[in-house]
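# Remarks on the overall topology
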Amino acid sequence: MRQGLADGARFLRAFLAHPRQVGAVLPTSRTAIRAMLDLADVPAARLVVELGAGTGVATREILARLSPEARLVAVEIDPRLARRLTERIGDPRLQVVCDSAEDVDAHLDGEAADVLVSMLPFTSLDADLRRRLLDQLPRALRPGGTAVVIQYSPLILGELRRRFADVRLRITPWNVPPAFLFAGTRDGSG
Ligand SMILES: C[S@@+](CC[C@H](N)C(=O)[O-])C[C@H]1O[C@@H](n2cnc3c(N)ncnc32)[C@H](O)[C@@H]1O
């Protein structure tokens, strides 16, 4: 409970410092995170990449589903949030990277992700940055891999359809505000 409040306060501070970069006043609910992760096969993945890890609400749930031999690379641009994540989650499968998700490739050692989880606030970002970040999603994935994306509006659907062979859409009311969940599959079976 106290940890949840502390995370909420930390998230709000990050929002007040960089509203467009953070894109939300409250951390995403665990129920919405679970519904999003249900759209991909995290337990079968060898490499999962998370973009925009924030206070780690999805990071923890990914680790709970991840196999003992797999690894998770979590990218967060805000140095305070990234440092806090490293301090708080001592799991040897987790690597926290403080960088922009535009440069995620540089941190994957030539590997491609089986599952990519995006918490990035695409709709509040500047259009050029949004395009560069969206272009990274299929690039960081292996052929046949899945990207799951959470947003507070459906506006990104067309952009995802341009980049993925198949895109599924779900809506979860168990978040403030209600969230749109997308799952895109990269072309090819690998
Ligand atoms: C809507 S928040 C979600 C955070 C977290 N998953 C949660 O719900 O608590 C978006 C996160 O993406 C991060 N972010 C924004 N732009 C980014 C970028 N270019 N690269 C990496 N992280 C970014 C923000 O700092 C913020 O932590």
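Residue positions are given per chain, counting from 1 as you read along its sequence in written order. With the structure being a predicted model, the display of local features is reserved for residues of pLDDT at least 70 and the display and counting of side-chain atom pairs for 80 or more, all residues being used for whole-chain, interface and lining totals. Each side-chain value is derived from all of the structure's non-hydrogen atoms; neither hydrogens nor water enter the calculation.

The test is simple: UniProt positions are given in the numbering used here, feature names are shortened, and annotations may be inferred rather than shown by experiment.
Within an unreviewed UniProt entry, the label attached to the protein chain reads Class I SAM-dependent methyltransferase, and the organism entered is Geodermatophilus maliterrae. Within the UniProt record for the protein chain, the comment given under Sequence similarities (unreviewed entry) is "Belongs to the class I-like SAM-binding methyltransferase superfamily. rRNA adenine N(6)-methyltransferase family."

## Quick look at the pairing of strand S1 (residues 47–51)
So the rule is basically this: Buried, partly exposed and exposed residues are distinguished by accessible area as a fraction of the type maximum, computed with a 1.4 Å probe on protein chains only: under 20%, between the cut-offs, and over 50%, respectively. The way it works is that DSSP assigns letters per residue, a run of H or I at least four long becomes a helix, a run of E at least two long becomes a strand, and they are numbered from the N terminus. Whether two strands pair depends on DSSP finding at least two bridges between them. If the strands point away from the viewer and the path from the first strand over the helix to the second runs clockwise, then the crossover is right-handed.
A large share of S1 lies buried, amounting to 5 of its 5 residues. Across the two faces of S1 the burial is the same, with Leu 47, Val 49 and Leu 51 and Val 48 and Glu 50 all buried. By the bridge criterion, 5 bridges tie S1 to strand S2 (residues 71–75) in an arrangement that is parallel. Its bridge partner lying in S2, Leu 47 is registered against Arg 71. At this point the chain moves from S1, through helix H4 (residues 57–65), to the parallel S2, and the crossover so formed is right-handed.

## With respect to the sheet that holds strand S4 (residues 113–118)
As a reminder, the rule being used: Only the contacting stretch of a helix is used when fitting its axis, a line to C-alpha atoms as for every element, and angles between N-to-C directions run 0 to 180 degrees. Any two residues having at least one pair of non-hydrogen atoms within 4.5 Å are treated as being in contact.
Taken in spatial order, the 7 strands line up as S3-S2-S1-S4-S5-S7-S6 in an open sheet, and their pairing is mixed. Bordering the open sheet on either side are strand S3 (94–97) and strand S6 (166–172), each of which pairs with just one other strand. Between one strand and the next, the sheet's axes are offset by a mean angle of 15 degrees, whatever the strand orientation. Each of S1, S2, S3 and S4 touches H4; the most contacted strand, S1, lies at about 170 degrees to it.

## A few points about helix H5 (residues 79–88)
Where we set the bar: Directions are taken from the helix axis to each C-beta atom, and the arc is the one they span. By the criterion applied in these results, polar contacts are pairs of N or O atoms within 3.5 Å in which, for protein atoms, one can donate a hydrogen and the other can accept it, and in which residues neighboring in sequence qualify only through two side-chain atoms.
Here H5 has its buried residues at Leu 81, Ala 82 and Leu 85. Each buried residue of H5 lies within a common arc of 100 degrees when the element is viewed along its axis, so the set occupies one face. In H5, the exposed positions angled more than 90 degrees off the buried face are occupied by Pro 79, Arg 80 and Glu 87. Its side-chain oxygen 2.9 Å from the backbone nitrogen of Arg 80, Asp 78 forms the N-cap of H5.

## Side note on the pairing of S2
With 4 of its 5 residues buried, S2 lies for the most part within the structure. In this structure, S2 lies alongside S3, joined through 4 bridges in parallel fashion. By the bridge assignment for S3, Ala 74 is matched with Val 96. In this region the chain leaves S2, passes through H5 and returns to the parallel neighbour S3; the handedness of that crossover is right-handed.

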